[in-house]
Amino acid sequence: MITGNNHAEYQLGPVQFSRLARRGVLLGLSVPQLIAMSIGIFTLVTALYTAGASGIAWTSPIWGTAALTAAIPIGGRKLVEWVPIVSRWMWRSAHGQLTYRRRVIRPRPVGTLALPGDAASLREWNDPESGAVMVHDPHEQTLTAIVAVSHPAFALLDPGEQNRRVAGWGRVLAGACRSGRIARLQVSERTLPDSGTALAEWWEQHGIKDDSWATATYRDLIERAGPAGERHATTVSLSLDLRAASRQIRTQGGGMRGAATVLRQEMTALTGALRAADLVVGGWLTADELASILRTAYDPAIGISLERHREIGRDLSTAGPVAVTESWDRLRSDTAFHAVLWISEWPRSQVYPGFLSPVVFTNGVLRTVSLHYLPIRADQAARDLRKKKTELISDAHQRKRIGQIEDASANAEYEDVLQQEADLTAGHGVLHTTGLICVTAPNANDLDAAVASIEQAAIQASCETRRLVGQQAQAFTAAALPLCRSV
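Residues numbered from 1 in each chain as written. Predicted model: local features only at pLDDT ≥ 70, side-chain atom pairs only at ≥ 80, totals over all residues. Heavy atoms only, no water.

Once that is clear, we can look at the packing of aromatic side chains. Summed over the entire model, instances satisfying the criterion amount to four aromatic pairs. Pairing Trp89 with Trp328 gives two aromatic rings, centres 5.3 Å apart and planes at 85 degrees, and the pair type is edge-to-face. Here Trp89 is found in helix α3 (residues 83-94), whereas its partner Trp328 is found in the loop between β10 (323-326) and β11 (331-332), with 239 residues between them in sequence. Given the relative accessible area of 15%, Trp89 is considered buried. (Phe/Tyr/Trp six-rings, centres within 6.5 Å; stacked < 30°, edge-to-face > 60°. Helix = DSSP H or I, 4+ residues; strand = E, 2+ residues; numbered from the N terminus. Buried < 20%, exposed > 50% of the residue type's maximum accessible area, 1.4 Å probe, protein only.)

The nonpolar side chains of a soluble globular protein tend to be buried, and buried together. Ranked by internal contacts, the top residues of the largest apolar core, which has 54 residues, are Leu185 and Val439. The element best represented in this core is helix α8 (residues 255-276), accounting for seven residues. Listed in part, the 32 residues of the second largest apolar core include Val133, Leu316, Leu331 and Cys438. (Core = buried A, V, L, I, M, F, W, Y, C linked by side-chain atoms within 4.5 Å.)

This part takes up α3. Given 3.6 residues to a turn, an α-helix orients residues that are three or four positions apart in the same direction. Given a rise of 1.5 Å per residue, twelve residues ought to cover 16 Å, and the 16 Å separating the end C-alpha atoms of α3 matches this to within 8%. Among the structural elements, β2 (77-78), β10 and α15 (472-479) are those in contact with the buried residues of α3. Trailing α3 by a residue or two, Gly96 shows a phi angle of about 70 degrees, which is positive. (Expected span 1.5 Å × (residues − 1). Contact = heavy atoms within 4.5 Å.)

What follows is about the packing of helix α12 (residues 378-401) against helix α13 (residues 408-425). In the contact formed by α12 and α13, the axes pass within 10 Å of each other and the chain directions differ by 155 degrees. With respect to their mutual orientation, α12 and α13 come out roughly antiparallel. Remark: the crossing between α12 and α13 carries left-handed chirality. Each of Ala378, Ala381, Ala382, Leu385, Arg386, Lys388, Lys389, Leu392, Ile393 and Arg399 in α12 lies in contact with α13, whose residues at this interface are Ala410, Glu413, Tyr414, Val417, Leu418, Gln420, Glu421 and Leu424. Considering only residue class, the contact of α12 with α13 consists of eleven nonpolar, one polar and six charged. (Axes fitted to C-alpha atoms, helices over the stretch in contact; angles between N-to-C directions. Parallel < 35°, antiparallel > 145°, perpendicular 65-115°, else oblique. Left-handed = near helix turned anticlockwise from the far one by under 90°. Nonpolar A, V, L, I, M, F, W, Y, C, P; charged D, E, K, R; others polar.)

Counting across every chain of the model gives 14 salt bridges. Across the pair Glu189 and Arg367 runs a salt bridge whose closest N-O atoms are separated by 2.8 Å. Separated by 178 residues along the polypeptide, Glu189 in strand β7 (residues 182-193) and Arg367 in strand β13 (residues 366-376) bring together distant segments of the chain. You'll find Glu189 and Arg367 in the same group, each marked buried. Note that Asp329 and Arg330 form a salt bridge whose closest N and O atoms lie 3.6 Å from each other. Residue classification places Asp329 among the partly exposed residues on the basis of a relative accessible area of 24%. Given the relative accessible area of 16%, Arg330 is considered buried. What emerges from the salt-bridge pattern is a single network uniting Glu161, Arg164, Arg165 and Asp278. (Salt bridge = Lys/Arg side-chain N within 4 Å of Asp/Glu carboxyl O.)

On to the pairing of strand β6 (residues 142-150). β6 sits mainly inside the fold: seven of its nine residues count as buried. With three bridges connecting them, strand β5 (residues 133-137) and β6 associate as antiparallel partners. Following the sheet pairing, His136 is matched in β6 by Leu143. In sequence, β5 turns back onto β6 through a hairpin of four residues, with Gln141 there showing a positive phi of about 60 degrees. Inspection of the sheet shows β6 paired to strand β8 (residues 230-241) by eight bridges, in the antiparallel sense. Pairing of Ile146 across the sheet is with Ser237, part of β8. (Pairing = 2+ DSSP bridges.)

A word on the confidence of the model for the chain. Looking at the chain as a whole, the pLDDT averages 82, with 89% of positions reaching at least 70. Mean pLDDT across the secondary structure elements of the chain bottoms out at helix α5 (residues 197-206), with 64, and peaks at β11, with 94. Here residues 1-10 is modelled with pLDDT under 50, and outside its nearest four sequence neighbours on either side it reaches four contacts, counting other chains as well. (pLDDT = per-residue confidence, 0-100.)

Attention now moves to the side chain of Ser333. Tracing the sequence through the fold places Ser333 in the loop between β11 and β12 (337-345). Among residues more than four places away in sequence, those in contact with Ser333 are Tyr298, Ala323, Val324 and His338.

Turning to empty space enclosed by the protein, a few remarks are in order. With the rule as written, the count across this model stands at two cavities of 30 Å³ or more. Volume-wise, the largest cavity comes out at about 170 Å³. In terms of lining, the largest cavity is formed by 16 residues, of which the most central are Leu192, Thr296, Ala297, Thr368 and Thr440. When residues of the lining of the largest cavity are traced back to their parent elements, those giving at least two are β7, α9 (287-298), β13 and β14 (430-441). Sort the elements by how many residues they give to the lining of the largest cavity and β7 lands first, with four residues. Among the residues making up the lining of the largest cavity, the classes are represented as nine nonpolar, five polar and two charged. (1 Å grid on protein atoms, 1.4 Å probe; cavity = no way out; pocket = protein on both sides within 12 Å on 5 of 7 lines; lining within 4 Å. Points joined across faces, edges and corners; volume = space filled by probe spheres on them.)

Let us look at the side chain of Gln186. With respect to the helices and strands, Gln186 occurs in strand β7. We classify Gln186 as buried; its relative accessible area is 0%. A polar atom in the side chain of Gln186 sits 3.2 Å from the backbone oxygen of Leu481. In this structure the side chain of Gln186 is engaged in a polar contact, spanning 2.8 Å, whose partner is the backbone nitrogen of Cys484. (Polar contact = N/O pair within 3.5 Å; in protein donor to acceptor, adjacent residues only side chain to side chain.)

Here we come to the environment of Arg264. Relative to the assigned elements, Arg264 resides in helix α8. C-alpha of Arg264 to C-alpha of Ala145: the two residues are 119 residues apart in sequence and 9.0 Å apart in space.

In this section: the packing of helix α1 (residues 31-58) against helix α2 (residues 60-71). Where α1 meets α2, the axes come as close as 8 Å, and the angle between the chain directions of the two elements is 155 degrees. What the angle tells us is that α1 and α2 run roughly antiparallel. For the element pair α1 and α2, the recorded crossing hand is left-handed. Contact residues: α1 offers Gln33, Ala36, Met37, Gly40, Thr43, Leu44, Ile56, Ala57 and Trp58, while α2 offers Ser60, Pro61, Ile62, Trp63, Ala66, Ala67, Thr69 and Ala70. Counted by class, the contact of α1 with α2 contains twelve nonpolar, five polar and no charged residues.

This part covers unusual backbone geometry. Trans peptide bonds make up the majority, and among non-glycine residues the majority have a negative phi. The backbone of Ser462 sits at a positive phi, close to 65 degrees, despite the residue not being glycine. Within the fold, Ser462 resides in the loop between α14 (444-460) and β15 (464-467). Positioned with a positive phi, Cys484 is a non-glycine residue whose angle comes to about 55 degrees. Relative to the elements of secondary structure, Cys484 occurs in the segment after α15.

So, in structure tokens, the structure goes:
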């Protein structure tokens, strides 16, 4: 029997994200801050016991600099935390690693991807059973497969249907946590220039071919509006942790064949979960389809030609860029400029699913929104939560003992830990989520305007974004390419 009270069960409920943990190793200080403060205190104490007050004055540049670098914030980080980023940037600049030029006359090793930087070590494996291409990372020991999915407009669904689909997607993520063999899930939603091919095909099938004024007008509008439009494409990438699945891989015969067999098992489970969440699974990407994605990521201007002529540009060994130049806060590839933004803060207040609509539906901007999910096994998540809760309680007692004022953010973080522990006890999974937005434009001025538009859209979505600097090349492969790469 259905009563009026059951109607409330189908209403879309708000959700709240956990705050970004800012707790340090000791008293809120991170490891770089502790190192800087230790150097300063050691210098100060040594000077005091060896030379007295004059020693303190003579060594003031050392301990003063250490204290300032540990305390002064710049761009959301303490000054000492910029040292690794700036040092790595200077080292790469001195060794000429900020530019990449493909050596056309030198063939690449068979089975490798034509990508620059640390992605050059990736290998392709064409699975004969599923027909999908799998990307092997020998350094991170992962094997990745990509599936194309499509879905109806979430914002146009009624609240009950939205709530059902959100619950279905939650079951997909919970299944990834229970597996214990999945290293990472990546959801990429990107906009691409539309060649108008689909619109023209629809007109050829359904249009009325006569000499009327309406027919001529429709034909003219399709020819003009098609190439100027945009289309959205969504992929879900599944990365298998070869270390965690080593026993199953040996059971299946070992080597890449055994790893591919284990990954196929995860692919089957993910396909069923996606279909249960009312997502249309378009099939696992082949080498030709992945080559098109990689090529258009570095060279967006060629995307329309590749869509119209599907027999060219499908070789994965040549799908990488011809030239790449990395700057401090942007990346230039063949025909485009790119900038990667990091979603540094998710909404702190309660929001409804679909809160990212301002970012996803930004018109006139070529961008890729990538969400990286790092599943944590239930037992490991329980240990981490217990450890974090113990450290938070200990830090609170330490602050109280030394007379430090209690911070509201620490209390909020403790409440988040309690909520995560309750969710884990209720059977939900724990994931670490990272959001990256890659913005693309044909020139530097248009790129700055597009970044400003995305930043404004993120504010409307109650998110905070930060433009990554000193690591744009690595961030681009993580944000724009569906290869489950990390920053």
